Amino acid sequence: MAIAAMVLWLLTAAAGLTLLNTGGAARRAAARSARLAARERARTGPVVLPVGPDGKPVRPPSARVTAPPGERPLLEFSHPALALAGSACWLMYVLTGYPVMAWTSLAILAVTIGLGLAWVARTRRAAARPAGTSWAFRPRLIALHGASVAVAVALSLLTALVAARA
(Lines give C-alpha, C1' and ligand atoms only; values in the text may rest on other atoms or scores of the structure.)
Protein backbone atom coordinates (compact mmCIF):
# COMPACT_ATOMS: atom_id res chain seq x y z
CA MET A 1 0.00 0.00 0.00
CA ALA A 2 2.85 2.38 0.77
CA ILE A 3 4.30 1.97 -2.71
CA ALA A 4 0.89 2.55 -4.30
CA ALA A 5 0.57 5.75 -2.25
CA MET A 6 4.04 6.80 -3.43
CA VAL A 7 2.98 6.27 -7.05
CA LEU A 8 -0.12 8.39 -6.40
CA TRP A 9 2.03 11.12 -4.89
CA LEU A 10 4.20 11.06 -8.02
CA LEU A 11 1.10 11.38 -10.22
CA THR A 12 -0.06 14.27 -8.03
CA ALA A 13 3.33 15.95 -8.44
CA ALA A 14 3.11 15.51 -12.21
CA ALA A 15 -0.32 17.16 -12.24
CA GLY A 16 1.08 19.96 -10.06
CA LEU A 17 4.01 20.53 -12.40
CA THR A 18 1.58 20.71 -15.32
CA LEU A 19 -0.42 23.29 -13.37
CA LEU A 20 2.70 25.35 -12.73
CA ASN A 21 3.72 25.16 -16.36
CA THR A 22 0.37 26.18 -17.84
CA GLY A 23 -0.41 28.76 -15.14
CA GLY A 24 3.03 30.30 -15.45
CA ALA A 25 2.77 30.51 -19.24
CA ALA A 26 -0.48 32.46 -19.01
CA ARG A 27 1.02 34.67 -16.33
CA ARG A 28 4.13 35.39 -18.41
CA ALA A 29 2.01 36.24 -21.47
CA ALA A 30 -0.10 38.69 -19.44
CA ALA A 31 3.01 40.29 -17.93
CA ARG A 32 4.60 40.60 -21.38
CA SER A 33 1.56 42.41 -22.77
CA ALA A 34 1.47 44.71 -19.71
CA ARG A 35 5.17 45.58 -20.22
CA LEU A 36 4.58 46.33 -23.90
CA ALA A 37 1.63 48.58 -23.04
CA ALA A 38 3.76 50.42 -20.44
CA ARG A 39 6.55 50.95 -23.00
CA GLU A 40 4.05 52.32 -25.49
CA ARG A 41 2.70 54.76 -22.91
CA ALA A 42 6.26 55.82 -22.05
CA ARG A 43 7.05 56.59 -25.71
CA THR A 44 4.07 58.88 -26.20
CA GLY A 45 4.94 61.53 -23.62
CA PRO A 46 8.10 63.39 -22.67
CA VAL A 47 9.87 62.51 -19.46
CA VAL A 48 9.72 65.40 -17.01
CA LEU A 49 11.91 65.27 -13.94
CA PRO A 50 10.67 67.18 -10.90
CA VAL A 51 12.84 70.09 -9.90
CA GLY A 52 13.15 71.43 -6.37
CA PRO A 53 13.17 75.10 -5.28
CA ASP A 54 16.97 75.19 -5.58
CA GLY A 55 16.83 74.12 -9.26
CA LYS A 56 18.23 70.65 -8.65
CA PRO A 57 16.33 67.46 -9.51
CA VAL A 58 14.32 66.05 -6.63
CA ARG A 59 15.34 62.61 -5.49
CA PRO A 60 12.56 60.08 -5.62
CA PRO A 61 11.59 58.48 -2.32
CA SER A 62 13.44 55.31 -1.45
CA ALA A 63 11.83 52.28 -3.00
CA ARG A 64 10.20 49.66 -0.87
CA VAL A 65 10.30 46.14 -2.25
CA THR A 66 6.81 44.72 -2.53
CA ALA A 67 5.22 42.03 -4.63
CA PRO A 68 3.01 43.15 -7.50
CA PRO A 69 -0.74 42.68 -7.07
CA GLY A 70 -1.78 39.06 -7.44
CA GLU A 71 1.64 37.67 -6.57
CA ARG A 72 2.38 35.88 -3.33
CA PRO A 73 6.01 34.77 -3.58
CA LEU A 74 6.10 32.99 -0.22
CA LEU A 75 2.91 31.07 -0.98
CA GLU A 76 4.06 30.24 -4.51
CA PHE A 77 7.33 28.87 -3.14
CA SER A 78 6.01 27.16 -0.01
CA HIS A 79 3.38 24.92 -1.61
CA PRO A 80 5.76 23.10 -4.00
CA ALA A 81 8.62 23.11 -1.49
CA LEU A 82 6.54 21.55 1.29
CA ALA A 83 5.03 19.06 -1.15
CA LEU A 84 8.55 17.98 -2.05
CA ALA A 85 9.50 17.69 1.62
CA GLY A 86 6.37 15.67 2.44
CA SER A 87 6.96 13.36 -0.50
CA ALA A 88 10.57 12.88 0.59
CA CYS A 89 9.37 11.90 4.08
CA TRP A 90 6.92 9.44 2.53
CA LEU A 91 9.72 7.96 0.42
CA MET A 92 11.79 7.55 3.59
CA TYR A 93 8.84 5.74 5.16
CA VAL A 94 8.57 3.45 2.13
CA LEU A 95 12.29 2.66 2.29
CA THR A 96 12.59 2.23 6.08
CA GLY A 97 9.10 1.26 7.27
CA TYR A 98 9.43 3.66 10.22
CA PRO A 99 5.83 4.78 11.03
CA VAL A 100 6.90 8.16 12.42
CA MET A 101 8.03 9.14 8.92
CA ALA A 102 4.55 8.35 7.56
CA TRP A 103 2.90 10.58 10.16
CA THR A 104 5.48 13.32 9.60
CA SER A 105 4.79 13.15 5.90
CA LEU A 106 1.05 13.41 6.46
CA ALA A 107 1.49 16.41 8.76
CA ILE A 108 3.66 18.23 6.20
CA LEU A 109 1.26 17.37 3.41
CA ALA A 110 -1.71 18.65 5.44
CA VAL A 111 -0.03 22.06 5.66
CA THR A 112 0.78 21.80 1.95
CA ILE A 113 -2.88 21.15 1.13
CA GLY A 114 -3.89 24.22 3.11
CA LEU A 115 -1.37 26.34 1.22
CA GLY A 116 -2.59 24.93 -2.09
CA LEU A 117 -6.19 25.79 -1.27
CA ALA A 118 -5.13 29.30 -0.25
CA TRP A 119 -3.23 29.65 -3.53
CA VAL A 120 -6.28 28.63 -5.56
CA ALA A 121 -8.51 31.05 -3.62
CA ARG A 122 -6.11 33.97 -4.07
CA THR A 123 -5.68 33.16 -7.75
CA ARG A 124 -9.42 33.19 -8.31
CA ARG A 125 -9.73 36.53 -6.53
CA ALA A 126 -6.85 38.01 -8.53
CA ALA A 127 -8.32 36.72 -11.81
CA ALA A 128 -11.52 38.63 -11.10
CA ARG A 129 -9.59 41.91 -11.13
CA PRO A 130 -9.14 43.60 -14.51
CA ALA A 131 -5.75 43.55 -16.25
CA GLY A 132 -4.12 41.24 -13.76
CA THR A 133 -0.97 39.25 -14.35
CA SER A 134 -1.89 36.53 -11.90
CA TRP A 135 -1.67 32.80 -12.39
CA ALA A 136 -4.27 31.33 -14.73
CA PHE A 137 -4.93 27.72 -13.78
CA ARG A 138 -7.21 25.54 -15.86
CA PRO A 139 -10.12 24.27 -13.75
CA ARG A 140 -9.79 20.70 -15.07
CA LEU A 141 -6.14 20.56 -14.04
CA ILE A 142 -7.02 21.90 -10.59
CA ALA A 143 -9.70 19.22 -10.28
CA LEU A 144 -7.29 16.51 -11.42
CA HIS A 145 -4.62 17.67 -8.99
CA GLY A 146 -7.13 17.92 -6.13
CA ALA A 147 -8.64 14.50 -6.85
CA SER A 148 -5.24 12.84 -6.96
CA VAL A 149 -4.33 14.54 -3.68
CA ALA A 150 -7.54 13.30 -2.05
CA VAL A 151 -6.95 9.70 -3.14
CA ALA A 152 -3.26 9.82 -2.20
CA VAL A 153 -4.01 11.28 1.25
CA ALA A 154 -6.69 8.65 1.90
CA LEU A 155 -4.37 5.82 0.91
CA SER A 156 -1.47 7.34 2.87
CA LEU A 157 -3.62 7.77 5.97
CA LEU A 158 -4.83 4.20 5.70
CA THR A 159 -1.25 3.00 5.28
CA ALA A 160 -0.07 5.02 8.29
CA LEU A 161 -2.90 3.67 10.44
CA VAL A 162 -2.05 0.09 9.48
CA ALA A 163 1.65 0.72 10.16
CA ALA A 164 0.86 2.20 13.59
CA ARG A 165 -1.15 -0.90 14.58
CA ALA A 166 1.55 -3.34 13.50
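Residues numbered from 1 in each chain as written. Predicted model: local features only at pLDDT ≥ 70, side-chain atom pairs only at ≥ 80, totals over all residues. Heavy atoms only, no water.

A. A look at the overall build of the chain. Of the regular secondary structure elements, the chain holds four helices and zero strands. Residues counted as buried form 29% of the 166 residues belonging to the chain. A separation threshold of at least 6 residues defines the contact pool for the chain, and within that pool the share at least 24 residues apart is 75%. Accessible surface computed for the chain: about 11100 Å², of which carbon and sulfur atoms make up 69%. (Helix = DSSP H or I, 4+ residues; strand = E, 2+ residues; numbered from the N terminus. Buried < 20%, exposed > 50% of the residue type's maximum accessible area, 1.4 Å probe, protein only. Contact = heavy atoms within 4.5 Å. Areas by Shrake-Rupley, 256 points an atom, 1.4 Å probe, with all protein chains shown as cover.)

B. Quick peek at the packing of aromatic side chains. Going through the model one piece at a time under the given rule, you end up with one aromatic pair. Seen from their ring centres, tryptophan 90 and tyrosine 93 are 5.1 Å apart, and the 50° between their planes marks the pair as tilted. Linking tryptophan 90 with tyrosine 93, this pair stays in helix H2 (residues 73-96), spanning three residues, or about one helical turn. For tyrosine 93, a relative accessible area of 8% corresponds to the buried category. (Phe/Tyr/Trp six-rings, centres within 6.5 Å; stacked < 30°, edge-to-face > 60°.)

C. Structural context of a positive patch on the surface. The grouping of Arg28, Arg32, Arg35 and Arg39 at the surface amounts to a positive patch. Look at arginine 32 and you get partly exposed, because its relative accessible area is 46%. (Patch = residues over 30% accessible without salt bridge, like charges linked within 9 Å, V, L, I, M, F, W, Y side chains within 5 Å. Salt bridge = Lys/Arg side-chain N within 4 Å of Asp/Glu carboxyl O. Lys, Arg positive; Asp, Glu negative; His and termini not counted. Charge placed at Lys NZ, Arg CZ, Asp CG, Glu CD.)

D. Seen up close, H2. With 24 residues, H2 extends 35 Å from end C-alpha to end C-alpha; this agrees with the ideal 34 Å at 1.5 Å per step. Positive backbone phi, approximately 80°, marks glycine 97, located one or two places after H2. (Expected span 1.5 Å × (residues − 1).)

E. Here's a closer look at the side chain of histidine 79. Structurally, histidine 79 is set in helix H2. A relative accessible area of 14% means that histidine 79 is categorised as buried.

F. Representation of the nonpolar core in the model. With 16 residues, the main nonpolar core has Trp9, Trp90, Tyr93 and Ala102 as its most contacted residues. When residues of this core are traced back to their parent elements, those giving at least two are helix H1 (2-44), H2, helix H3 (99-128) and helix H4 (139-165). Other than its neighbours up to four places away in sequence, tryptophan 90 contacts Ala2, Ala5, Met6, Trp9, Ala102, Ser105, Ser156 and Thr159. Formed by five residues, the second largest nonpolar core is a distinct cluster that contains Leu19, Trp119, Phe137 and Leu141. (Core = buried A, V, L, I, M, F, W, Y, C linked by side-chain atoms within 4.5 Å.)

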